[in-house]
Amino acid sequence: MSRVTFELNGSPTTVERSARRLSQVLREDLGLTGTKVGCDAGDCGACTVLLDGEAVSACMTSVGSLDRRRVVTIEGLDASGEVAALQRAFLLHGAAQCGICTPGMLVSAAALLRTTPEPTEEEVKDGLGGVLCRCTGYRPIVAAVLSASDPSAEDQPMAGPPAGKAVGARVARVDGRAKVRGTDVFGDDEAPEGALVASVIRSPFHRAEFELGDLDGFVSATPGIEAVFTASDIPGRNRFGVIPATADQPVFAQGCARFRGEAIAMVVGEASAIADLDPAAFPVTWTELPPVMTIEEATAEGAPRLHDGREGNVLIRGHVRRGDLDAAFASAEVVVEAEFETACIEHACIEPEAGFAERIGDRLEVQVCTQSPHLDREELEAILGLEEGAVRIRPTAVGGGFGTKLDLSVQPYVALAAWHLRRPVRLAYTRPESMTSTTKRHPSRMRLRAGATRRGRLVAMDVVGEFNTGAYASWGATVANRVPVHAGGPYVYDAYRARTVAVHTNGPVAGAMRGFGVPQSTIAQECLFDELADAVGLDRLEFRLRNALTAGVPTVTGQVFASGVGYRECLEALRPVWEHARTEAAAVNATARVRRRGVGLAGMWYGCGNTALPNPSTIRVGLHRDGHVVLFQGAVDMGQGANTVMTQICADAVGIEMERIRTRGADTDTTPDAGKSSASRQTFVSGNATYLAGTRLRGQLLELAGASGEAHLELEDGRLIVHNRGATSEVRLGELASDAEGLVAVVQETFEPPTTALDEDGQGDPYAQFGYGAHLTELEVD
Ligand code: FES
């Protein structure tokens, strides 16, 4: 076998000569998993490495072409210290969020700075143009590269805030070092030696009947293939779904596929055999059937029904009603109405879904990228027919979630195969597989009518929203409960009505994506308000301010907040920029012929957590005998910063410095259930649970030291030092009794947001807190 020798991170390296991708050889053969794989097509840049000093995509570079060439990966740049300033700047600027794009960004930035040590902003944008980021919006990344390359920029120290001052301080992510070094472990970065690989066989049609052929014959005729699994191999329930009442998606379809990309079977084998597998050779006979792809087709008379018991293909309907709508419209002096459509949107996390499972005795451990570990555990136990607690979920870092990693993806497949075969099994979705098989943002059609007085006071709003929820329920129910509450925006009306419906089609499964249907209704409502403001002759910002919800005024569900309604402040914050930008745009457009400028603004609100349903979070905190507080926080951090936020809150609640806290991220065996990382809930719900637990632990420590509430606590190696009313005392922690984990004190607290069920008109307190926002865009069009 011929070999190829090249220099890798400064050392001579020899590998088998082949056409394999450099990204694959680096990750699988050489253990350099800092080079990420997002698309395997040269599009996303996550696998960027330096080849003879030039930034290239490792997925588009064959190892056969590397003779005598020099390859440098993030690991090499990290070890040499070449990117130290960039790494520091990325942490300072919050430029590494989920971190999956970070190695590619750093490698590209290093290539740029080698040739252009002090680049302009345009040169930075150009230099990083080959690497995609789905979290940051790029601005922090560009700012980080500019500051790292600016000799006059102050090299700010990364010291943590003093005790009691962590919340509100600008701190580096507690998990940031691993992200900027390329050592953070994502879904496909680890697998046990010799793990088998799974490949899912999927429907090529939107709607089709199918018959499986000779599966045993296929296995014995295909070298390296260990087994094929179908619905008949599922020991428990062949059904999953994030909302128990509507859970309807089979792990493997039986006889009929309802969307293109639906799983019907799984082939498991050695990695090389799976790499060579031709899905077209799988023994299955398809009969394609005419699909229903739109809401019109799905609700037409005689349309094929996707699910028994769901008449007219309607998954669910929802509504909110408040006040006398007819009377309110009758009193309106100006009425506008419009219809809006929004499209299906793919989350396009840079990290495709990935993980592995291994059976350990009568338990199963699954390491996977997920936003909802405890929900995954429950669903896998049901699918495998196992007792509660038999499955352990160890979430990896999540390379972007945005809602799509709330639902099961690879989990049931690796779990089923590992359980039956008693060997570890791994699976990483390809980019096309991720796109076809996972959830999407609901396509929608919104019809709205709004009325106001001539002076610009809103009086009435009527909303009808139709959502294409695809073949299975997933989070479809949220368009019935969350959207009607939000569709009027953070504004005050005399009367309001919103009615929504989720309709099944043979389209992709629609689920959670940044807002569960709310952005669709917000786009429509805010666009309509521009028209209404114009119709009554008011400035668009002024119109919103005049009608903005404030504390003490009922929302459209009759909920009254005594405080914490910050919408007016958001709008006011925009006022100076709004006025300046409009004046500037008018000046530009007065003479512009080709490029003309527009300025737009919009506001929003968003209820934190489940809608009118229980939504608890539990957090555990303990004091270790070595002088650290250990925070067991199970809120998955997919880039939004849960690990850091909980650590900040814990530090202030206990009254110690952040540096004295060791944060343990989610693991269903070791961290209590902090609920899903979804619906903007973790900072509020798990944050409150952290605060409660930290406060109680502080109480225990004070009691231990016989100190009063205002005492100042310090932790040093093995010692708790207490400064109280001018005196200092010390507790030697090693002399105290500790549990198996070395904790001398431990507490656990749960926070349940106070909400109420909604009545038949949708009235009640669906959320304990809303978040508010407003933003402005200046756009130039050629
Ligand atoms: Fe860039 Fe998440 S930080 S993709």
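Thresholds, definitions, all that
Here the residue index of a chain counts from 1 through its sequence in written order. This being a predicted model, a pLDDT of at least 70 is required before a residue's local features are given, and a value of 80 or more before pairs of side-chain atoms are given or counted; all residues contribute to the totals for chains, interfaces and linings. Only hydrogens and water are removed before side-chain values are computed, so all heavy atoms of the structure are retained for them. Definition of nonpolar core: a set of buried residues of the types Ala, Val, Leu, Ile, Met, Phe, Trp, Tyr and Cys, connected through side-chain atoms within 4.5 Å. Buried residues are those whose accessible area, probed at 1.4 Å on protein chains only, stays under 20% of the maximum for their type, while exposed residues exceed 50% and partly exposed ones sit between those limits. Here, two residues are considered to be in contact whenever any of their heavy atoms come within 4.5 Å of each other. Strands are runs of DSSP state E lasting at least two residues, helices are runs of H or I lasting at least four, and both sets are numbered from the N terminus onward. When DSSP finds two or more bridges between two strands, those strands count as paired. Side-chain rings of Phe, Tyr and Trp (the six-membered ring for Trp) are treated as a pair once their centres are within 6.5 Å; stacked means planes under 30 degrees apart, edge-to-face means over 60, and tilted covers the remaining angles. Nitrogen and oxygen atoms within 3.5 Å of one another constitute a polar contact, given that in protein one can donate a hydrogen and the other can accept it, and given that sequence-neighbouring residues count only through two side-chain atoms. A carboxyl oxygen of Asp or Glu within 4 Å of a side-chain nitrogen of Lys or Arg is what we treat as a salt bridge. For helices, the fitted line uses only the C-alpha atoms of the stretch in contact; every axis is such a line through C-alpha atoms, and the angle between N-to-C directions lies from 0 to 180 degrees. Each helix should span, by expectation, one fewer than its residue count multiplied by 1.5 Å. For classification purposes, an angle smaller than 35 degrees is called roughly parallel, one larger than 145 roughly antiparallel, one from 65 to 115 roughly perpendicular, and anything else oblique. The handedness criterion is simple: a crossing whose near helix is rotated anticlockwise from the far helix by less than a right angle is left-handed, and one whose near helix is rotated clockwise is right-handed. Each residue gets one of three labels, nonpolar for Ala, Val, Leu, Ile, Met, Phe, Trp, Tyr, Cys and Pro, charged for Asp, Glu, Lys and Arg, and polar for the others, Gly among them.

A. Structural context of the nonpolar core. Counting 51 residues, the largest nonpolar core has Leu448, Met461, Tyr493, Tyr496, Leu532 and Phe543 as the members making the most contacts within it. Those residues in contact with tyrosine 493, other than ones at most four positions away along the chain, are Leu458, Val459, Ala460, Met461, Gly488, Phe529 and Val556. Counting residues in each nonpolar core, the second largest holds 40 residues, with Leu77, Leu86, Val107 and Cys135 among its members.

B. Spatial organisation of the side chain of glutamate 381. With respect to the helices and strands, the residue glutamate 381 is situated in helix α12 (residues 373-384). You can call glutamate 381 buried: its relative accessible area is 6%. Setting aside residues up to four positions removed in sequence, glutamate 381 forms contacts with Leu386, Glu387, Glu388, Gly389, Ala390 and Val391.

C. Layout of the sheet that holds strand β7 (residues 208-212). Across the sheet, which stays open at both edges, the three strands sit in the order β9-β7-β11 with antiparallel pairing between neighbours. Every other strand in the sheet has two partners, leaving β9 (256-257) and β11 (284-288) as the edge strands with one partner each. Alignment of β7 against β9, held across two bridges, turns out to be antiparallel. Residue pairing across strands places glutamate 209 opposite cysteine 256, the latter belonging to β9.

D. Layout of the packing of aromatic side chains. Under the definition given, this model contains 15 aromatic pairs. With centroids separated by 5.4 Å and ring planes inclined at 90 degrees, the aromatic side chains of tyrosine 491 and tyrosine 567 adopt a geometry described as edge-to-face. Taken together, the positions of tyrosine 491 in the loop between α15 (478-486) and β20 (495-504) and tyrosine 567 in helix α18 (residues 567-591) put the pair 76 residues apart, joining distant regions of the chain. Per residue, the accessibility class of tyrosine 491 equals that of tyrosine 567, and both read buried. Ring plane angle 35 degrees and centroid distance 5.7 Å describe the contact between tyrosine 493 and tyrosine 496, whose orientation is recorded as tilted.

E. A look at the side chain of threonine 618. Within the secondary structure, threonine 618 sits in strand β22 (residues 617-624). Judged by its relative accessible area of 12%, threonine 618 falls in the buried class. At 2.7 Å, the side chain of threonine 618 forms a polar contact with the side chain of threonine 750. The residues touching threonine 618, leaving out its near neighbours within four places in the chain, are Pro672, Asp673, Ala674, Gln748, Glu749 and Thr750.

F. Highlighting unusual backbone geometry. If you check the backbone angles, arginine 422 has positive phi at about 55 degrees while not being a glycine. By secondary structure assignment, the location of arginine 422 is in the loop between α13 (411-421) and β17 (425-428). Given the relative accessible area of 57%, arginine 422 is considered exposed. Not every positive phi belongs to a glycine, and arginine 725 is a case in point at roughly 50 degrees. Position of arginine 725 among the secondary structure elements: in the loop between β26 (719-724) and β27 (727-732).

G. Looking closely at the pattern of salt bridges. This model, assessed by the stated rule, comprises 58 salt bridges. Glutamate 296 is the salt-bridge partner of arginine 445, the closest N and O atoms lying 2.1 Å from each other. With arginine 445 in strand β18 (residues 444-452) and glutamate 296 in helix α10 (residues 295-299), this pair connects stretches of sequence that are 149 residues apart. Note that arginine 575 and glutamate 542 form a salt bridge whose closest N and O atoms lie 3.4 Å from each other. Taken together, the residues arginine 575 in helix α18 and glutamate 542 in helix α17 (residues 540-547) connect sequence positions 33 residues apart. Residues joined by salt bridges that share partners form a network here, namely Arg27, Glu28, Lys36, Asp188, Asp189 and Arg426.

H. Quick look at the sheet that holds strand β25 (residues 712-716). Overall, antiparallel pairing links the three strands, which are arranged β25-β26-β27 in an open sheet. Edge strands, defined here as strands with exactly one partner in the open sheet, are β25 and β27. Each neighbouring strand pair of the sheet contributes to a mean axis angle of 20 degrees, computed without reference to strand direction. Relative to β27, β26 runs antiparallel, the two sharing six bridges. Of the residues in β27, the one forming a bridge with isoleucine 721 is glutamate 730.

I. Region of interest: the pairing of strand β3 (residues 48-51). By the alternation rule, side chains of β3 split into Thr48 and Leu50 and Val49 and Leu51, which are all buried. As defined by bridge partners, β3 adjoins strand β4 (residues 54-57) across four bridges and the pair is classed as antiparallel. Along β4, the bridge assignment pairs threonine 48 with serine 57. Here β3 hands over to β4 after two residues, with aspartate 52 in that stretch at a positive phi of 50 degrees.

J. A look at helix α16 (residues 518-536). Between the first and last C-alpha of α16 there are 26 Å, a value that for 19 residues agrees with the 27 Å anticipated at 1.5 Å per step. Backbone geometry just after α16 places glycine 537 at a positive phi near 75 degrees.

K. Geometry of the environment of isoleucine 661. Looking at where isoleucine 661 falls in the secondary structure, it is placed in strand β24 (residues 661-664). Here the alpha-carbon distance between isoleucine 661 and leucine 631, two residues 30 residues apart in the chain, equals 6.8 Å. Isoleucine 661 has contacts with His628, Val629, Leu631, Thr647, Cys650, Ala651 and Ile656, leaving out every residue within four places of it along the chain.

L. Representation of the packing of helix α19 (residues 642-654) against helix α20 (residues 682-705) within the structure. Taken N-terminus to C-terminus, the directions of α19 and α20 make an angle of 30 degrees; their axes are 7 Å apart at the nearest point. Between α19 and α20, the crossing angle belongs to the class labelled roughly parallel. Seen along the crossing, α19 lies across α20 with a hand that is right-handed. Packed against α19, whose contacting residues are Val645, Met646, Ile649, Cys650, Ala653 and Val654, the element α20 presents Gln682, Thr683, Ser686, Gly687, Thr690, Tyr691, Gly694, Thr695, Leu697, Arg698 and Leu701 at the interface. Residues belonging to the contact of α19 with α20 are distributed by class as follows: nine nonpolar, seven polar and one charged.

M. Molecular detail of the packing of α12 against α13. Between α12 and α13, the shortest axis-to-axis distance is 10 Å and the interhelical angle comes to 45 degrees. Classed by the angle they form, the pair α12 and α13 counts as oblique. Pair α12 / α13 crosses with right-handed handedness. Seen from α12, the contacting residues are Asp376, Leu380, Ile383 and Leu384; seen from α13, they are Gln411, Pro412, Ala415, Leu416 and Trp419. Tallied by class, residues from the contact of α12 with α13 come to seven nonpolar, one polar and one charged.

N. Broad picture of the environment of leucine 733. Counting through the fold element by element, leucine 733 comes out in the loop between β27 and β28 (743-751). Taking the C-alpha atoms as reference points, leucine 733 and arginine 625, separated by 108 residues in sequence, lie 4.8 Å from one another.

O. Layout of α20. For α20, spanning 24 residues, the distance from its first C-alpha to its last is 33 Å, which sits close to the expected 34 Å at 1.5 Å a residue. By the burial criterion, the buried members of α20 are Gln682, Val685, Ser686, Gly687, Ala689, Thr690, Ala693, Gly694, Leu697, Arg698, Leu701 and Leu702. Each element contacted by the buried residues of α20 is listed here: β22, β23 (629-632), α19, β25, β26 and β28. Immediately downstream of α20, the backbone of glycine 706 shows phi near 65 degrees, a positive value.

P. Expanded view of the environment of isoleucine 345. With respect to the helices and strands, isoleucine 345 occurs in the loop between β13 (334-342) and β14 (354-360). Residue isoleucine 345 is classed as partly exposed on the basis of its relative accessible area, which comes to 36%. Expressed as a C-alpha distance, the spacing of isoleucine 345 and threonine 439, which sit 94 residues apart in the sequence, is 9.2 Å. If sequence neighbours within four positions are ignored, isoleucine 345 has contacts with Lys440, Arg441 and Met513.

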